[in-house]
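For reference, the chains in residue letters:
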Amino acid sequence: MSLSIRQDSLKLQVIPLRMYFLVIKNYSYLGINPVSHDAVIIDPTGEMEKIEQALEKADAVLRGILITHAHPDHIQLVKPLVKKYSCPVWMSRKEIVTSGFNCDRLIGFDEIPWSVGQIKIKPFFTPGHTPGSVCYLVEDNLFTGDTLFTEGCGSCFGDRAATQVLYNSLQYLKREITPETRIFPGHSYGKKPGNSFSSLLQENIYLQFNNSVDFCAFRLRKGQKNLFNFRWGA
Ligand SMILES: [Fe+2]
């Protein structure tokens, strides 16, 4: 018993931060190594003070910024954070090229792991929602941006070819991600972030498809409402 408690206390601490980008409800996440107090932030947006206060409370130092994709509601605080903490920013090469995003200390990467202080980062390229979208695996936590939500998946805005690509990305995650991995999406439609991938595999309808034709027909079906009606997880 004491050994499992000790092991849990050494795991990455994930702090979900509820943020507003205009009227859109987003989640930014801090990942903190409890031993070294190194911290990374995923998709910083919203209120700077929330990030500063969470870092201070955890006695952590921001070492890096990980961007899942370059949509405005996922990158709003990148430049102010770089200015304040002088930390590097990671975004896939493809996303940099296709979005035109630029900032100081920006690093484009290929699909190979790296470390930020004592935090090991493993990227999974999951295009579809955007051409260079990435999910980040940090220990047993997967930060999925707008590729995969607990209750659904990202939109490809009516683009059939991109929807096919998104299907392939979700299949890739199904092959590579272990069931116990906790999923932390960029938005919620009502469920708290941090559910296991195994629960999504059972309950998320977009993970039930085994062929891209049916997936695309369903993802692109007419009459979808409230695509941006994001809520806080309860
Ligand atoms: Fe997005």
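Below is a short write-up of the structure.

What counts and how
Residues numbered from 1 in each chain as written. Predicted model: local features only at pLDDT ≥ 70, side-chain atom pairs only at ≥ 80, totals over all residues. Heavy atoms only, no water. Pairing = 2+ DSSP bridges. Helix = DSSP H or I, 4+ residues; strand = E, 2+ residues; numbered from the N terminus. Axes fitted to C-alpha atoms, helices over the stretch in contact; angles between N-to-C directions. Contact = heavy atoms within 4.5 Å.

Pairing within the open sheet is mixed, and its six strands lie in the order β1-β2-β3-β4-β5-β6. Two strands close off the open sheet at either side, each with one partner strand: β1 (13–21) and β6 (106–109). Neighbour to neighbour, the strand axes of the sheet diverge by 25° on average, direction disregarded. Summarising the sheet, strand β3 (residues 38–42) and strand β4 (residues 61–66) pair through five bridges and their orientation is parallel. Looking at the pairing, Ile41 lines up with Ile65 of β4. The strands that helix α4 (residues 78–85) touches are β3, β4 and β5 (89–92); relative to β4, the one it contacts most, it runs at about 145°.

To continue, consider the sheet that holds strand β8 (residues 119–125). Adjacent strands of a sheet form backbone hydrogen bonds with each other and so pair up, either parallel or antiparallel. Read from one edge to the other, the open sheet built from six strands follows the order β7-β8-β9-β10-β11-β12, with strand pairing classed as mixed. Because the sheet does not close on itself, it has two edges, and the strands there are β7 (114–116) and β12 (195–196). Direction of pairing for strand β11 (residues 182–185) relative to β12: antiparallel, over a ladder of two bridges. Bridged to Arg182 within β12 is Ser196. Where helix α6 (residues 160–176) meets the sheet, it contacts β8, β9 (134–138) and β10 (141–145), and its direction lies at approximately 135° from that of β8.

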